Amino acid sequence: MSINQSVNQSTGQLTIGLFGFGVVGKGLYDVLHTTPTLQASIKKICIKNAGKKRSIPAENFTTEAALLLNDESINVIVELIDDADAAYHIVKTALQKGKAVVSANKKMIAEHFEELLQLQQENNTAFLYEAACCASMPIVRNLEEYYDNDLLKSIRGIINGSTNFILTKIFEEELEFREALTLAQQAGFAESNPKLDVGGFDAANKLSILLAHSFGVIAKPREFLFNGIENISRPDAVVAGEKKYSIKLVANAKKLESGKLAAFVLPQFVTPKDDLYHVQNEFNALTTESSFADTHFFKGKGAGAFPTASAVLSDISALRYNYKYEYKKIHHRTDTQLSTDYYLKVFISTDDLAKIRKEDFEWIEEWHNGFKQSWLVAVIHAGKLFHTGWWKQEGVSLILCPEPIIENIDYRKVSKRSLELAGVI
Ligand SMILES: NC(=O)c1ccc[n+]([C@@H]2O[C@H](COP(=O)([O-])OP(=O)(O)OC[C@H]3O[C@@H](n4cnc5c(N)ncnc54)[C@H](OP(=O)(O)O)[C@@H]3O)[C@@H](O)[C@H]2O)c1
């Protein structure tokens, strides 16, 4: 009898081995203690530093992972640590031992998606990770269960709470980037390694997971375009303000007319008419577009102890009725592939025009030469961005324009003439 079956056939009691007692782990501990009806109890907590001062008695803790993983009375492992490599070994071992697993570790899941999928199948175990994508916002199960693959046209949203918090502080309170990042860290919104957030890696990991549940596409972040917000400068915020825009880090996956999928995470100008414009601080949001329902807009807290713990709790609760992701879209997929064969309308600013590869643009629509900062608005093939890195270097900032995707092939015909008119060639 597998552990999962024993969860199902017994009184439903879930005995948890918890890894991590940081922002989310402690949040889960507190939330569980105010939800006694769940019939779930934490038997032991594995942490890294034995000497750290804790808010609960020392006998709750161990630094021996094996103590939890080898304990047959523990039927659920909840993995909430900040080390993706260690998390991978914990989750893999737990699944191999037939334990159900709940995790919030998007980096680990995105890196090992295919293997984790296989482990679930081989061991007939549940592996749930709602908190890994947009924390409190219930999006993974919605994409998995509600939307039929053929009907979903696009998903688009803000899926990283700390960068949204930082951008909000830069725009609303005119804070400098560093000050805003420190505030995000103090509030427990940022990853232990902030580069994961501000470099766009965290949002890319989440988009990687969302692609599987929305379109049945398994793709690692290196297979699509992404960047973070590190290079966004105050002059960019000034230009955005003049145009009545805000800047958001936006994840996008859209079915193209070719049937292929455009996917990217990039900073974007958003207008007040865009729902994302009004998503502030650590909130996340996602718009789904489908053939018949038109659009749905989800919004919820994308970081923080209790919001993230609430999604972990929901997964734990789902184990009570033996819920598993079926990965329907992966198994029934019509071989949807990622593509970079489309164009993007971009705003690019720089402290040195020599850093810009003008020959990469199809055409340039606006050009402003400044003493310290110059900027332009242009159209570029997404493949050119994907295969080059000049636009990510220090002193260059690339921000998508509103409605940035251009598919129409006819644009190619006018591009050369537009470049001529702009005096570029
Ligand atoms: N914070 C958020 O808002 C948020 C939102 C969504 C998802 N997440 C995800 O949730 C996970 C936890 O994030 P967090 O913010 O709670 O991190 P955190 O506050 O830095 O806490 C990390 C915890 O992991 C423990 N740990 C690290 N390596 C370990 C190992 N090898 N074995 C056992 N324990 C280990 C640490 O132990 P010590 O206490 O001994 O140092 C600490 O308790 C991450 O995957 C993160 O991406 C976080």
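Being a predicted model, the structure only gives us computed values, none of them experimental. (Residues numbered from 1 in each chain as written. Predicted model: local features only at pLDDT ≥ 70, side-chain atom pairs only at ≥ 80, totals over all residues.)

### A closer look at the site of the ligand
In the neighbourhood of the ligand, 29 residues make up the surrounding shell, with G20, G22, I81, A86 and A303 lying closest. A class-by-class count of the residues in the shell around the ligand yields 14 nonpolar, 9 polar and 6 charged. (Near = placed C-beta within 6 Å. Nonpolar A, V, L, I, M, F, W, Y, C, P; charged D, E, K, R; others polar.)

### Section: the nonpolar core
Formed by 127 residues in total, the largest nonpolar core has its most connected members in L28, V76, V78, L207 and V312. If one sorts the elements of this core by residue count, helix 11 (residues 201-215) sits on top with 9 residues. Two domains each donate at least three residues to this core, and these are domain 1 (3-132) and domain 2 (343-421). Not counting chain neighbours up to four residues away, the residues in contact with V312 comprise V24, L28, V78, L80, V102, A104 and A131. (Core = buried A, V, L, I, M, F, W, Y, C linked by C-beta atoms within 7 Å. Buried ≥ 20, exposed ≤ 12 C-beta atoms within 10 Å, placed from the backbone. Helix = DSSP H or I, 4+ residues; strand = E, 2+ residues; numbered from the N terminus. Domains from an automatic or database assignment. Contact = placed C-beta atoms within 7 Å.)

### Topic: the sheet that holds strand 5 (residues 100-103)
Strand order in this open sheet of 6 strands is 3-2-1-4-5-6, and the pairing throughout is parallel. Only two strands of the sheet have a single neighbouring strand rather than two, namely strand 3 (61-62) and strand 6 (127-128). Relative to strand 6, strand 5 runs parallel, the two sharing 2 bridges. Opposite V101, over in strand 6, you have F127 as the bridge partner. Along the sheet face, helix 2 (residues 23-33) touches strand 1 (14-19), strand 2 (40-46) and strand 4 (76-79) and points at about 155° away from the line of strand 2. (Pairing = 2+ DSSP bridges. Axes fitted to C-alpha atoms, helices over the stretch in contact; angles between N-to-C directions.)

### So, the environment of S208
Along the polypeptide, S208 turns up in helix 11. Each C-alpha atom of the pair S208 and K107 lies 9.6 Å from the other, and the pair is 101 residues apart in sequence. Once you skip the residues sitting within four places of it in the chain, S208 turns out to touch A110, A219, K220 and P221.

### Description of the confidence of the model for the chain
If pLDDT is low for a region, its predicted coordinates should not be looked at in detail. Model confidence for the chain is summarised by a mean pLDDT of 92, while 92% of its residues fall at 70 or above. Confidence over residues 1-6 falls short of pLDDT 50; this stretch has 14 contacts with residues more than four positions distant or in other chains. (pLDDT = per-residue confidence, 0-100.)

### Examining the packing of helix 2 against helix 13 (residues 305-319)
The axes of two packed helices give the description: the angle between them and the distance between them. Between helix 2 and helix 13, the shortest axis-to-axis distance is 8 Å and the interhelical angle comes to 65°. Viewed along their axes, helix 2 and helix 13 adopt a mutual orientation that is roughly perpendicular. Once helix 2 is placed against helix 13, the crossing between them reads as right-handed. In this structure, helix 2 contributes V23, V24, K26, G27, L28, V31 and L32 to the contact, and helix 13 contributes A305, F306, T308, A309, S310, V312 and L313. (Parallel < 35°, antiparallel > 145°, perpendicular 65-115°, else oblique. Left-handed = near helix turned anticlockwise from the far one by under 90°.)

### Quick notes on helix 11
Helix length check: helix 11, at 15 residues, gives a terminal C-alpha distance of 20 Å against a target of 21 Å (1.5 Å per residue), a fit within 8%. Burial runs high along helix 11: 15 of the 15 residues are buried. (Expected span 1.5 Å × (residues − 1).)

### Some points on the environment of G157
Checked against the element boundaries, G157 lands in strand 7 (residues 152-158). Remark: the alpha-carbon pair of G157 and L286, spanning 129 residues in sequence, is separated by 4.1 Å. Apart from the residues within four sequence positions on either side, G157 is in contact with V250, A251, L276, N284, A285, L286 and T287.

### Examining the packing of helix 8 (residues 161-172) against helix 9 (residues 177-186)
Close contact between helix 8 and helix 9 brings their axes to 9 Å; oriented N to C, the two are set at 135°. By the angle class used here, helix 8 and helix 9 are oblique. Helix 8 and helix 9 meet at a crossing whose hand is right-handed. Side by side, helix 8 and helix 9 meet where S162, F165, I166, K169 and I170 of the first sit next to F177, A180, L181, L183 and A184 of the second. Looking at side-chain class alone, the contact of helix 8 with helix 9 contains 8 nonpolar, 1 polar and 1 charged residues.

### Focus on the pairing of strand 2
Relative to strand 2, strand 1 is paired through 6 bridges, and the arrangement is parallel. When the bridges of strand 2 are listed, G17 appears paired with K44. On the question of chirality, the crossover connecting strand 1 to the parallel strand 2 by way of helix 2 is right-handed. In terms of strand pairing, strand 2 meets strand 3 through 2 bridges, oriented parallel. When the bridges of strand 3 are listed, I45 appears paired with F61. (Right-handed = clockwise from strand over helix to strand, strands pointing away.)

### Details of unusual backbone geometry
Look at Q39: it is not a glycine, yet its phi comes out positive at around 55°. Phi angles above zero are rare outside glycine, and E403 is one such case at about 50°. Within the element layout of this structure, E403 appears in strand 16 (residues 396-406). By the C-beta count within 10 Å, which is 11 here, E403 ends up exposed.

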